[in-house]
There are 2 protein chains.
Amino acid sequence: MLLPPRLQQLLAALRCLPGIGPKSAQRMALHLLERDRDGAERLSAALLAALEGVGSCRRCRMFAESELCTVCASGARDHGMVCVVETPADVVAIEESAGWRGAYFVLLGRLSPLDGVGPEEIGIPLLEERLAGGGLRELVIATSVTVEGEATAAFLAALARRHSVPATRIAHGVPMGGELEFVDAGTLSHALSARVSMAGDR
Amino acid sequence: MLLPPRLQQLLAALRCLPGIGPKSAQRMALHLLERDRDGAERLSAALLAALEGVGSCRRCRMFAESELCTVCASGARDHGMVCVVETPADVVAIEESAGWRGAYFVLLGRLSPLDGVGPEEIGIPLLEERLAGGGLRELVIATSVTVEGEATAAFLAALARRHSVPATRIAHGVPMGGELEFVDAGTLSHALSARVSMAGDR
């Protein structure tokens, strides 16, 4: 092969990035070495710094550099309302929507017994501590609408019930601004069967 | 902002990769920290190793870990035929086509006086040394078909002429397997005006 070994190793290492195939990896490696060696150095250092410095919040498992993440450490948030999500990316998406002033709990996965992912792996003991500790007024379950996400939601609802904490599920249906003809059949049939009264009080 | 500072720095550093916007950078950073910390560590090390270990071949300016690149060091190549290209990616593409058994010269750019890229910047003194050294039977010019690429090609042809080395330009025209209706107008009109006789000896 034509490229020197270290360049080939860089190509292989770039493949760990999601969505990067051999062609993109080559384009990236050649670009960095040819035109942006400073950027490559910064990237190498930033990776190391993040690996060393970024851990998990000990309350909600969100990425954090100190014991608590910014949300858990904030006095401006309502810590009596906890939204349970699967991944840190979900937290980022909800924060960007600016529609939630409560706290979070990040499962870092979802129940999937066949893959060996049980309650331990998704941090249930930590969540249970928080449910048992009192002060929680609502557990909002925002796991994904997949078979495993729904199973996880059912498991979480039962857990909340045992601790007498009301559990809710985020609404599913036709997206805002969504044209009916482009909405998939599953979403549409759920939206129809889960229709709500327009009378008012709900 | 929600994400811890080092994670944000990683997001910013990932933007130095070509084609990576804020959304992809976030997906990459969260993926690495959540699911592939080993991969991130390997990537960081591979970047550093490549930066430190990969330099330029002192004969053709291709990436190399030692003084000479694999092509220049090879005894199986015809060093009397030199193909001039703009970037290392061009060398990789030609090698993959397996249609060239000569050597290369990589300009690492193309003449662009307005951007301050003159003959010095594209390694012309090094190429001239090779032209003057004798033993070159042909200079194949494979710069891109852009205004600057063509200007560079004309400059290289004049240079070769001064050293009495025959210069050729790679053929341009309709791609093999290309349907005429999908070929752009510029390529098509060039292909028509540069038509070759089918009689035989070209």
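Residues numbered from 1 in each chain as written. Chains lettered and ligands numbered in written order. Predicted model: local features only at pLDDT ≥ 70, side-chain atom pairs only at ≥ 80, totals over all residues. Heavy atoms only, no water.

Trainee: Tell me about the interface of chain B and chain A, residues and numbers included.
Mentor: The interface is formed by 55 residues belonging to chain B together with 55 residues belonging to chain A. For the chain B and chain A pair, buried surface summed over both sides reaches about 5,000 Å², with 74% attributable to carbon and sulfur atoms. The largest per-residue losses of area from chain B upon contact with chain A belong to Leu2, Arg6 and Phe63 of chain B, which jointly make up 14% of the total buried on that side. Across the chain B-chain A interface, the total number found is 2 salt bridges. Close ionic contact of Glu65 of chain A with Arg6 of chain B constitutes a salt bridge, the shortest N to O distance being 3.4 Å. Here chain B and chain A share 7 residue pairs in polar contact (both at pLDDT 80 or more) between them. (Contact = heavy atoms within 4.5 Å. Buried area = accessible area lost by both parts, 1.4 Å probe. Salt bridge = Lys/Arg side-chain N within 4 Å of Asp/Glu carboxyl O. Polar contact = N/O pair within 3.5 Å; in protein donor to acceptor, adjacent residues only side chain to side chain.)

Trainee: Any chance you could break down the layout of surface pockets for me, citing the residues and the numbers?
Mentor: All names here are of chain A. Considered as a void within the structure, the largest pocket measures approximately 380 Å³ in volume. Lining the largest pocket are 14 residues, with Cys83, Val85, Ile94, Ala142 and Ile170 sitting closest to its centre. Secondary-structure elements contributing two or more residues to the lining of the largest pocket are strand 3 (78–85) and helix 5 (88–97). The dominant element in the lining of the largest pocket, judged by the number of residues it contributes, is helix 5, at 3 residues. Tallied by class, residues from the lining of the largest pocket come to 9 nonpolar, 4 polar and 1 charged. (1 Å grid on protein atoms, 1.4 Å probe; cavity = no way out; pocket = protein on both sides within 12 Å on 5 of 7 lines; lining within 4 Å. Points joined across faces, edges and corners; volume = space filled by probe spheres on them. Helix = DSSP H or I, 4+ residues; strand = E, 2+ residues; numbered from the N terminus. Nonpolar A, V, L, I, M, F, W, Y, C, P; charged D, E, K, R; others polar.)

Trainee: How would you explain unusual backbone geometry if you had to name every residue and give the values?
Mentor: All names here are of chain B. Even without being a glycine, Arg61 presents a positive backbone phi close to 65°. Phi angles above zero are rare outside glycine, and Leu108 is one such case at about 55°. Inspection of the secondary structure puts Leu108 in the loop between strand 4 (102–106) and helix 6 (124–132).

Trainee: Outline the pairing of strand 4 of chain B, supporting the account with residue identities and numerical values.
Mentor: Residue and element names in this part refer to chain B. Counting buried positions along strand 4 yields 5 of 5 residues, so the element is predominantly enclosed. Of the pairings in the sheet, the one linking strand 3 (residues 78–85) to strand 4 comprises 5 bridges and is parallel in character. In the sheet register, Cys83 faces strand 4, and the bridge partner there is Tyr104. (Buried < 20%, exposed > 50% of the residue type's maximum accessible area, 1.4 Å probe, protein only. Pairing = 2+ DSSP bridges.)

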